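Now for the letters of each chain:
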Amino acid sequence: MSRSGPKNPATEPVPWDDPLQSAVWRLRSRGCWEDAAALLASSAVTESAAALGRTTILVERCLFTATGWEEADDALRAAEALVTGDEERGSAACERGHLAYASTLFGVRDRADEARSALGRAAALLPPGSPNRPLLDFRRGLVAQHLAGDPRGAQAAFTRAHAGASTLGDELLLSFTWRHLASMAEQEGNRAEARHGFAESLRIREELGYLIGIAPALSALADIEPEPDASRLRAEALRLVRLLGGVPSWLADRLRPAGAAAAVETPEAAVSGDAAPSAETADLAVAAPAGEAAAPAATATTTAPRGPSGPDPPRPD
């Protein structure tokens, strides 16, 4: 099934045949969100698709670094001023809902009502057959799981998103749906299903070269594997996080050995501003061995995770 309508450079399947989208993907996948957003900056002034793509990139930076909220909000407002038609308006509403969800999850500001309202508006604008519907379903599942405490609703939304992503051939989204369906299976005590889902998520991210997503995938798999495999996976995840300059920030804290010095820098210490690694640092990660399964993130009401043996808050990615 092919996608129709304006393309969002940040949410299209990996676009190897388009030089701009390919460059955006390479930078984004290495955690160089500022550089990726800069490639779209000029066209984002007048083109709605580029503006939406730039917004998606900056919102993703928020989820991986817990920084850059104001810039993401500014990019979103600019995109909302450009969009036309139900499809684009629905995509913009979906981005607003996701940013509000992330802000609530990380305790920046309680925007849970805004998240639900925006995603509901997106659902009214995007028809069931829309190519953007699977991403919307996935994000509604996140809100149901982590903000509303509705596991049944989350399971249904993730399942719809997974089926839609499979139909569209959206491998990146599949890496997320596999991961969250596996997380729910783990909570239900179905370890075999959880292991399969986490392994599929990791496989897809490695094949796509989605480097910023590999360490979380490794950490998640480690949580379900027995020793000594679990320790090996966590060590690989920690190595990759270090190579990426402490990204994801929430995973860096969780993987750090108890009582160890801060080998992985916090976003504030690692980089001034947004804690995104430079292109040079990110390129080093290409040679890094695959790490381990996904790790939990900070919630709006809890402090940051203390380490592998600490509490297990929601996985934000």
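Computed from a predicted structure; not experimentally measured.

Caption draft 1: A look at the overall build of the protein chain. For the protein chain, the count of helices and strands is 15 helices and 0 strands. Within the protein chain, the fraction of its 317 residues that count as buried is 57%. Carbon and sulfur atoms make up 52% of the accessible area of the protein chain, which amounts to about 12700 Å² in all.

Caption draft 2: Here's a closer look at the packing of aromatic side chains. Taken as a whole and assessed by the stated rule, the structure comprises 6 aromatic pairs. It is Arg205 that lies over the ring of Phe176; its NZ or CZ is 4.5 Å from the centre.

Caption draft 3: Quick look at unusual backbone geometry. Geometrically, the link from Glu227 to Pro228 is a cis peptide bond, its omega value of 5 degrees lying close to zero. Mapped onto the fold, Pro228 is located in the loop between helix H11 (211-224) and helix H12 (229-243). A cis amide bond links Val247 with the next residue in sequence, Pro248, at an omega value of 0 degrees. Inspection of the secondary structure puts Pro248 in the loop between H12 and helix H13 (249-255).

Caption draft 4: Region of the structure containing the side chain of Asn132. Of note, Asn132 is situated in the loop between helix H6 (112-125) and helix H7 (133-147). Of note is the side chain of Asn132, whose polar atom sits 2.8 Å from the side chain of Glu87. Of note is the side chain of Asn132, whose polar atom sits 3.2 Å from the side chain of Ser91.

Caption draft 5: Region of interest: the confidence of the model for the protein chain. Averaged over every residue, the pLDDT of the protein chain is 83; residues scoring 70 or more account for 76%. Across residues 1-6 the pLDDT falls below 50, and counting only partners more than four positions away or on other chains, this stretch makes 13 contacts in the model. In this model, residues 261-313 is a region of pLDDT below 50 whose contacts with residues beyond four sequence positions or in other chains number 161 contacts.

Caption draft 6: Fine view of the packing of helix H2 (residues 33-44) against helix H3 (residues 48-65). At a closest axis distance of 8 Å, the pairing of H2 and H3 adopts a crossing angle of 160 degrees. In terms of orientation, H2 lies roughly antiparallel with respect to H3. Taken as a pair, H2 and H3 cross one another with a handedness that is left-handed. In this structure, H2 contributes Trp33, Glu34, Ala36, Ala37, Leu40, Ala41, Ser43 and Ala44 to the contact, and H3 contributes Ala50, Ala51, Gly53, Arg54, Ile57, Leu58, Glu60, Arg61, Phe64 and Thr65. Here the contact of H2 with H3 is composed, by residue class, of 11 nonpolar, 3 polar and 4 charged.

Caption draft 7: Quick look at the pattern of salt bridges. Per the counting criterion, the structure on display carries 20 salt bridges. For Arg61, the salt bridge is made with Glu71, and the minimal N-O distance between the two is 2.9 Å. With Arg61 in helix H3 and Glu71 in helix H4 (residues 69-82), the pair connects residues that are 10 residues apart, well separated along the chain. Here Arg61 falls in the buried class, since its relative accessible area comes to 0%. Taking the shortest distance from any N to any O, the salt bridge between Arg232 and Asp229 comes out at 3.9 Å. On the criterion of helical spacing, the pair formed by Arg232 and Asp229 is a turn pair, its members being 3 residues apart in helix H12.

Caption draft 8: Inspection of the environment of Ala185 at higher detail. Here Ala185 lies in helix H9 (residues 171-187). A relative accessible area of 2% means that Ala185 is categorised as buried. In this structure the C-alpha to C-alpha distance between Ala185 and Gly197, which are 12 residues apart in sequence, comes to 8.7 Å. Not counting residues within four places of it along the chain, the set of residues in contact with Ala185 comprises Asn190, Glu193 and Ala194.

Caption draft 9: Broad picture of the side chain of Arg133. Inspection of the secondary structure assignment puts Arg133 in helix H7. Look at Arg133 and you get buried, because its relative accessible area is 16%. In this structure the side chain of Arg133 is engaged in a polar contact, spanning 2.4 Å, whose partner is the backbone oxygen of Leu126. Excluding anything up to four places from it in sequence, Arg133 contacts Ala123, Leu126, Pro127, Pro128 and Arg140.

Parameters and conventions
- Residues numbered from 1 in each chain as written.
- Predicted model: local features only at pLDDT ≥ 70, side-chain atom pairs only at ≥ 80, totals over all residues.
- Heavy atoms only, no water.
- Helix = DSSP H or I, 4+ residues; strand = E, 2+ residues; numbered from the N terminus.
- Buried < 20%, exposed > 50% of the residue type's maximum accessible area, 1.4 Å probe, protein only.
- Areas by Shrake-Rupley, 256 points an atom, 1.4 Å probe, with all protein chains shown as cover.
- Phe/Tyr/Trp six-rings, centres within 6.5 Å; stacked < 30°, edge-to-face > 60°.
- Lys NZ or Arg CZ within 6 Å of the ring centre and 35° of its normal.
- Polar contact = N/O pair within 3.5 Å; in protein donor to acceptor, adjacent residues only side chain to side chain.
- pLDDT = per-residue confidence, 0-100.
- Contact = heavy atoms within 4.5 Å.
- Axes fitted to C-alpha atoms, helices over the stretch in contact; angles between N-to-C directions.
- Parallel < 35°, antiparallel > 145°, perpendicular 65-115°, else oblique.
- Left-handed = near helix turned anticlockwise from the far one by under 90°.
- Nonpolar A, V, L, I, M, F, W, Y, C, P; charged D, E, K, R; others polar.
- Salt bridge = Lys/Arg side-chain N within 4 Å of Asp/Glu carboxyl O.

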